[in-house]
Amino acid sequence: RLAEIGVTGLAVMGRNLARNFARHGHRVAIHNRTYAKTQSLIDDHGDDGTFVPSESMADFVASLERPRRVLIMVKAGAGTDAVIEELIPLLEEGDIVIDAGNAHFPDTIRRENYLKEKGLHFVGTGVSGGEEGALNGPSIMPGGSRESYESLGPLLENISAKVDDTPCCTYVGPDGAGHFVKMVHNGIEYADMQLIAEAYDLIRQGTGKSAAEIADIFRSWNEGDLESFLIEITAEVLAHVDAETGQALVDVILDQAEQKGTGRWTVQNALDLGVPITGIAEATFARALSGGVPQREAARGVLPAHTADWAIDDGDAFVEDVRQALYASKVVAYSQGFDQIAAASAEFGWDIDRGAMARIWRGGCIIRARFLNRITEAYERTPDLALLIADPYFTEAISAALPAWRRVVVAAAEHGIPTPAFSSSLAYYDGVRADRLPAALIQGQRDFFGAHTYRRVDKPGTFHTEWSLDRSETQISGGEA
Ligand code: NBP
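Scoring rules and cut-offs
Residues numbered from 1 in each chain as written. Predicted model: local features only at pLDDT ≥ 70, side-chain atom pairs only at ≥ 80, totals over all residues. Heavy atoms only, no water. UniProt positions renumbered as here; feature names shortened; annotations may be inferred. Salt bridge = Lys/Arg side-chain N within 4 Å of Asp/Glu carboxyl O. Helix = DSSP H or I, 4+ residues; strand = E, 2+ residues; numbered from the N terminus. Buried < 20%, exposed > 50% of the residue type's maximum accessible area, 1.4 Å probe, protein only. 1 Å grid on protein atoms, 1.4 Å probe; cavity = no way out; pocket = protein on both sides within 12 Å on 5 of 7 lines; lining within 4 Å. Points joined across faces, edges and corners; volume = space filled by probe spheres on them. Nonpolar A, V, L, I, M, F, W, Y, C, P; charged D, E, K, R; others polar.

Looking at an unreviewed UniProt entry, one finds the protein chain named 6-phosphogluconate dehydrogenase, decarboxylating and attributed to Microlunatus ginsengisoli. Comment text from UniProt for the protein chain, heading Sequence similarities (unreviewed entry), reads "Belongs to the 6-phosphogluconate dehydrogenase family." Regarding the protein chain, the relevant UniProt record gives this comment under Pathway (unreviewed entry): "Carbohydrate degradation; pentose phosphate pathway; D-ribulose 5-phosphate from D-glucose 6-phosphate (oxidative stage): step 3/3."

## Observations regarding the pattern of salt bridges
A full pass over the atoms with the stated rule returns 29 salt bridges. The partner of Arg374 in a salt bridge is Glu377, with the nearest N and O atoms 3.1 Å apart. Here Glu377 and Arg374 lie together in helix 17 (residues 372-381), a separation of three residues that amounts to about one turn. What makes Arg374 partly exposed here is its relative accessible area of 23%. Put simply, Glu473 and Arg456 hold a salt bridge, and the shortest N to O gap is 3.1 Å.

## A short note on empty space enclosed by the protein
All told, the structure shown has two cavities of 30 Å³ or more when counted by the stated rule. Roughly 40 Å³ of internal volume is contained in the largest cavity. Together, Leu17, Phe21, Leu71, Ala100, Thr125, Val127, Ile140, Leu156 and Ile159 line the largest cavity. Looking at the lining of the largest cavity, the elements with two or more residues in it are helix 1 (12-23), strand 6 (121-128) and helix 7 (146-159). The residue makeup of the lining of the largest cavity, split by class, is eight nonpolar, one polar and no charged.

Shown next as structure tokens:
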């Protein structure tokens, strides 16, 4: 019998995805450039289900039923292109090539176009949840043609995480849509992690509590609105004691955050689309700042703080303020991420259902969280919602948290605690709700030095003031309607 799906690329991710398919009763063809990995999968986990191993790509392809479904899980970039080139001559019209690696979405658009010319379907899919998710149920975000989803979707839904029996996998949209949504997911993950780190830092510096005590606080937060995978693992990390020194592990880890680049892609794309995703951007820059060793060396002990001692009378009240500030900032970061998805969806014609994206992020992935249900409900109430935080549920929730949020940002500024994500989220909130913004002055300045023109509040058209002449105003375009 032929295999239903094939997986090529059997490092940690591919190996676990193949095992996941096998455990769900699918016959899985397996292949890896270096055969040893294929053999070790059979040796170690052959009893997970039915594997059909092949040494050569030709045998691998020949072992698949038609239309063939070939899932590539190799190192993103040149590795993916190399495998695609190898596959093309072996495949036939209507076959489906799936790239489940972390591809950048413009590459996915390019590959989809290229394979379409050859009569092949190309599905770029986001897969989140790391090693563990790949084995036990990831969140899956497939793009590509709807037609390919008919044949592939049921298999992917089978192996995905389930929340209330609903698969954390759905069709996202054409060509690069799936990888795009995965990219924004990762950006949101950066923001969420930075916000949690700021909350921890505020409590640590504000109250002097130990890492272990703060672990208990995060454990209790995980019972409420903030319940999520990231809060849960934060408690685990903070509670962990280093075996060598007996100190909290977090106190012996070097404080320089690294990144693989998806946060950077998210911010670069947001700049291209002109969407303010301040939470994600600040989180990405905060990692860069932490790794900016020469600058930190030059500043340490030299730049003054001019802060007074921080004496918090009521530690519990402060911790509760931080919890509320964290929740409000987090909602803003997600709201911004969903704005980016909406903007890209319009730009690329993807027609992405944002509520469905929140739904498939509820399980399997790193940002899985209880409050994603509230986001899905908000987009179900109003599918074309312009601003997530303007949905009544979130407006109310942020309104309740607002006094605490302002207190926390003030305290952080007064005591010299860097809270770029908390502070910028609050600035975004105040900016987006403002009746008038000082952008009017910026337009005036632009007109002054560059004759860039401005529009007026009281009549249509564009205008220019003759700044260097008599300062009279000229109408440049538009006019009485
Ligand atoms: P790696 O990213 O470490 O890639 C190793 C695999 O790529 C091996 O199977 C290797 O074959 C193969 N490969 C390479 Br490298 N170059 C190749 C080429 N030119 N032709 C054919 N095969 C090639 O594996 P991974 O950590 O399992 O990640 C796989 C993908 O999943 C990546 O895109 C990664 O970004 C993504 N990822 C996602 C998550 C997540 O949470 N979603 C986590 C980790 C990774 P070999 O054995 O012959 O060297």
